[in-house]
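Summary of structural features
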Amino acid sequence: MAQSGKGKLNYRCPSCFLRDLDIDMFYDKDKDEFYCMRCQFTGSEADVLSMNETVRTRYKAMMQRFEKFDFD
Amino acid sequence: MENEFVVNIIHRPEMVPEYAEKVTGQGKKEDIGRKSLLTESLDIFKFQQETAHKNGLKVTIQMTYASLFNDEAIELAKHDHETYGDEIALSLLGLPCEEFRKKYNTKDFCIWMFSMEDKMAIVDDVFGKFHDIFGFYPESTGSYYMDADLTNYVKSKYPSVKCAVATCWEEGPKAYHTCNNSWYTLFDGGPWNPWIPSKQNTHAPAANEDEDSGIVAIPHLSRDLIACYDGNGSNFGTHPQNVLRGMIYDTKTWEYPYLYNIIDQYRSLAKYNDGYSYNMMFVGPGWLNKMGRWEAPYELLKKSYEDGMAYYGQLKKEGKLKDLTMAEFADYYRSKKTYNDPECALWRDILYGSDKQVFWYADPYMRACINMDQGGALVDLRPYAAKLEWKVGIGTPHVQDASYPFLIQEKYRAGYFTHYAGEGTVRSAKISHGGEEVDLCLCRTKAHFAETDAAKVLTLDPVDIEFADLTVTLQTVITFEKGSSKIRYDRKILSMSDPEAEVTINEYMVGCYGTTEYPEDMTGITLSVEGGSGAGSLNYEYKCREIASEGGKTASAVIPAIDTSVALSTDADDAKVYIREGYAFSPMYTLGMTKKITEGEEVTTWLNLEKAN
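What counts as what
- Residues numbered from 1 in each chain as written.
- Chains lettered and ligands numbered in written order.
- Predicted model: local features only at pLDDT ≥ 70, side-chain atom pairs only at ≥ 80, totals over all residues.
- Helix = DSSP H or I, 4+ residues; strand = E, 2+ residues; numbered from the N terminus.
- Rg over C-alpha atoms; globule rule 2.2 N^0.38 Å.
- Buried ≥ 20, exposed ≤ 12 C-beta atoms within 10 Å, placed from the backbone.
- Contact = placed C-beta atoms within 7 Å.
- Pairing = 2+ DSSP bridges.
- Axes fitted to C-alpha atoms, helices over the stretch in contact; angles between N-to-C directions.
- Expected span 1.5 Å × (residues − 1).
- Arc of directions from axis to C-beta.
- Domains from an automatic or database assignment.
- Nonpolar A, V, L, I, M, F, W, Y, C, P; charged D, E, K, R; others polar.
- pLDDT = per-residue confidence, 0-100.
- Left-handed = near helix turned anticlockwise from the far one by under 90°.
- Core = buried A, V, L, I, M, F, W, Y, C linked by C-beta atoms within 7 Å.

Quick notes on the overall build of chain B
Each helix and strand in chain B was counted, giving 12 helices and 29 strands. For 613 residues, the compact-globule estimate of 2.2 N^0.38 gives 25 Å, and the C-alpha radius of gyration of chain B, at 25 Å, lies within 12% of that figure. Taking all 613 residues of chain B together, 54% fall into the buried category. Sequence-distant contacts in chain B: of pairs separated by 6 or more residues, those separated by 24 or more amount to 67%.

Topic: the sheet that holds strand E1 (residues 26-28) of chain A
Residues and elements named next belong to chain A. The 3 strands are arranged E1-E2-E3 in an open sheet whose pairing can be described as antiparallel. Each edge of the sheet is formed by a strand with only one pairing partner; in this case those strands are E1 and strand E3 (42-43). Pairing between strand E2 (residues 33-35) and E3: 2 bridges, direction antiparallel. Note that in E3 the partner of Phe34 across the bridge is Gly43.

Concerning the sheet that holds strand E4 (residues 140-142) of chain B
Paired through backbone hydrogen bonds, the strands of a sheet run either parallel or antiparallel to each other. Residues and elements named next belong to chain B. Ordered in space as E4-E5-E6, the 3 strands form an open sheet in which the pairing is parallel. Each having just a single partner strand, E4 and strand E6 (216-219) make up the two edges of the open sheet. Strand-to-strand twist across the sheet, computed as the mean angle between neighbouring axes with direction ignored, equals 30°. Of the strand pairs in this sheet, E4 and strand E5 (residues 163-167) are connected by 3 bridges, and their pairing is parallel. By the bridge assignment for E5, Ser140 is matched with Cys163. Across the sheet, helix H12 (residues 326-336) lies against E4, E5 and E6, angled at about 115° from E6, the strand it touches most.

Details of helix H5 (residues 116-134) of chain B
Residues three or four positions apart in an α-helix share a direction because the helix packs 3.6 residues into each turn. All names here are of chain B. Compared with the 27 Å implied by 1.5 Å per residue over 19 residues, the 27 Å span of H5 between its first and last C-alpha is a close match. Of all the positions in H5, only Lys119, Ile122, Val123, Val126, Phe127 and Phe130 are classed as buried. Down the axis of H5, the sector holding all buried residues measures 115°, keeping them to one side. Away from its buried face, by an angle of more than 90 degrees, H5 presents the exposed residues Glu117, Gly128 and Asp132. At its buried positions, H5 is contacted by strand E2 (60-63), strand E3 (87-90) and helix H6 (148-157).

Things to note about the domain arrangement of chain B
Residue and element names in this part refer to chain B. Domain parsing of chain B yields domain 1 (4-348) and domain 2 (365-611). For domain 1 and domain 2, the distance between their C-alpha centroids amounts to 36 Å. Across the boundary between the two partners, domain 1 contributes 31 residues, which contact 29 residues of domain 2. Of the residues belonging to the side of domain 1 that touches domain 2, the class tally is 16 nonpolar, 9 polar and 6 charged.

A word on the interface of chain B and chain A
With 32 residues of chain B in contact, the opposing surface of chain A contributes 27 residues. Mapped by element, the contributors of at least two residues to the side of chain B that touches chain A are helix H7 (173-178), helix H10 (257-268) and strand E9 (343-348) of chain B. In terms of residue class, the side of chain B that touches chain A is built from 13 nonpolar, 14 polar and 5 charged.

Here we look at the pairing of strand E28 (residues 586-598) of chain B
All names here are of chain B. The buried fraction of E28 is high, at 10 of 13 residues. Sheet analysis places strand E21 (residues 502-511) next to E28, joined by 10 bridges and oriented antiparallel. Along E28, the bridge assignment pairs Ile505 with Lys595. Of the strand pairs in this sheet, strand E27 (residues 576-583) and E28 are connected by 7 bridges, and their pairing is antiparallel.

Let's talk about the environment of Pro383 of chain B
Residues and elements named next belong to chain B. Considering the arrangement of structural elements, one finds Pro383 in the loop between strand E12 (377-382) and strand E13 (408-409). Along the primary structure Pro383 and Ile61 are separated by 322 residues, whereas in three dimensions their C-alpha atoms are 35 Å apart. When residues no more than four places from it in sequence are discounted, the contact partners of Pro383 are Met366, Leu407, Thr564, Val566 and Leu609.

Brief notes about unusual backbone geometry
Residue and element names in this part refer to chain B. A positive phi is found at Glu170, a non-glycine position, where the angle reads about 55°. Accessibility expressed as a C-beta count within 10 Å gives 27 for Glu170, which makes it buried. The backbone of Trp254 sits at a positive phi, close to 55°, despite the residue not being glycine. Among the secondary structure elements, Trp254 is positioned in the loop between helix H9 (240-245) and H10.

Focus: the confidence of the model for chain B
When pLDDT is low, close inspection of the predicted coordinates is not appropriate. In this model, chain B carries an average pLDDT of 95, and 96% of its residues clear a pLDDT of 70 or more. Prediction confidence for the complex, expressed as pTM and ipTM, is 0.96 and 0.97 respectively.

A word on H10 of chain B
Residues and elements named next belong to chain B. With 12 residues, H10 extends 16 Å from end C-alpha to end C-alpha; this agrees with the ideal 16 Å at 1.5 Å per step. For H10, a buried count of 9 out of 12 residues is recorded, marking the element as mostly surrounded by other parts of the structure. Among the residues making up H10, those that are buried are Tyr258, Leu259, Asn261, Ile262, Ile263, Gln265, Tyr266, Arg267 and Ser268. In the core, the buried residues of H10 are packed alongside strand E1 (4-11), H9, strand E7 (276-282), helix H11 (298-317) and E9.

Some thoughts on the packing of H5 of chain B against H6 of chain B
Residue and element names in this part refer to chain B. Contact geometry for H5 and H6: axes closest at 10 Å, N-to-C directions at 35°. By crossing handedness, the relation of H5 to H6 is classed as right-handed. Counting all contacts with H5, which are made through Met116, Lys119, Met120 and Val123, the residues of H6 involved are Asp149, Leu150, Tyr153 and Val154. Taken together, the residues of the contact of H5 with H6 sort by class into 6 nonpolar, no polar and 2 charged.

A look at the nonpolar core
Residues and elements named next belong to chain B. In this structure, Ala345 and Trp360 are the most contacted members of the largest nonpolar core, which totals 196 residues. Residue contributions to this core reach at least three from each of two domains, namely domain 1 (4-348) and domain 2 (365-611). Leaving out residues up to four positions away in the same chain, Ala345 has contacts with Trp192, Leu225, Leu269, Tyr272, Phe359 and Trp360.

Some remarks on the environment of Val472 of chain B
All names here are of chain B. One can find Val472 in strand E19 (residues 471-481). Separated by 24 residues in sequence, Val472 and Met496 place their C-alpha atoms 4.5 Å apart. If we skip the residues at most four places from it in the chain, Val472 touches Ile431, Ile465, Ile493, Met496 and Val503.

Notes on the environment of Ser484 of chain B
Residues and elements named next belong to chain B. Examined against the element boundaries, Ser484 turns out to sit in the loop between E19 and strand E20 (486-496). A tally of 18 C-beta atoms within 10 Å means that Ser484 is categorised as partly exposed. Residues Ser484 and Glu75, spaced 409 residues apart in sequence, show a C-alpha to C-alpha distance of 51 Å.

What follows is the structure, given as structure tokens:
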């Protein structure tokens, strides 16, 4: 089994991101999967991208443009 | 008064960008002299300069030590100074390069972490080389953090320096954790907007000319004053690629309204600061590398920088933005502000959809955060009144930890909510009646700002406290009196469902001290009650003791480890004032007063900070 490397983009572990950790994942070409060194997350690129969308669900106002910043 | 929104845009030609060697060099043996790395770094710098100028914006170019060995970077800086009026300044970031490593025989790169001897040698080296090249000394400098000894040395040797990037707001344990405990920028507890640092401690603003370090400090980026306090600071600020780092964008459309919301919310702070508001954008080249950054491809990194600059450029064209270089800003700031002018920010959540609201206040005596989602509780308190001398770097007690200590920090030492036992740090009040007790931390409300010549005032919307047989409507007014070192809380019972009823109010502060999540030894703290029939004091020994005094006036704690005294006092004659010692599982102290109160009555208390030594 060869050593792991990085994918074409440098994905972070989405599971760790949810607990405010930026951890680069590595890519195992034999298994065609990304994996996290810190936690037990493994997944395909599609899995990672899908979980990144889940991450964004906490930003309920992410796409809202605010014009008022007080409550007067 | 016409509002003024002032912006500093800063670029640095960093020949070995932070992150770039680790990211783009993955799988290669470390070589910070790689030609491809140097070429890419300069390309990024050129792109950033062109983007700012295309939008009609002036830049402060912070030359790095490494760039002083690069003729092209020097020529670019000279050209843009002549053509666009950019300031040529000198950064103490970007030290790494082959020349630096050979000369100092170290991989350290954070100026505040070096020994004082090395700090002086490096400053002289860097400033000397800058002078050799440009024929003058810079007026601006900076790093992620500039400790007081460093700033004092720079100012004494190079008096032309009048502005410095001196801290990065709430970049402390949270940033450290986000980077898997490998990014040692530990400097929580400073101001979020520009200030004049004291000679004693960079974070603590100067109270007068004697304390004035001689520079105007600006923060590294303008950060989200709610999101950064709880989460990773490097996701939420006026740094387009940080917003991408936070994944705060639509992956299909590549839109990020949050970036514009932060800028606009900063603009809105003019309302609380005599018409002045401020922004700083400083993107290091490592964030724009051609390989992309994490899941963001280069095209998105580039677009976000272009969009950020375009928004500032648009505001400038509309007459809503004043772009200044750092040196120009220092002059502007000193012409606008006096030492005791506080910095205020009534800030709302603009990301999570919660409508949560906080108020930040900073002056030479304190930095404080009031949380309206917890009934106006004080949830963060830094006692700048102590002007704590806190040496930083190798050979000092704090090699990395440059944070200004807190007395209250709701995230690191709990707040209202604790698990199973003990108490967390917060300054709030409890109302009790008929065996029931309600903490105002559970009463969510909103604040409205007003000011007088002498004070900044927050008036909170009234809240209802529902007991089994009684409803109490109570209003809180919080007053920061300029230069007083005090926070005043007025609580008034506006109405009760039974006008004849009586309730008890318990105004309290649970405090500790520290700079991280982990407890400090409380031994050495003295707790005292003054006035009344039961005045007394005790030395902290984790014994769960309490002293209460009927008719007392003041409860205080003296914390020698941080040269700080904090007191809660009342002007009431019929209050019971108390202090409470904690225990090992709850290493806190409580200062408080209780008093019976009826409809229409008002209770006033003050929290007072002083230097103790």
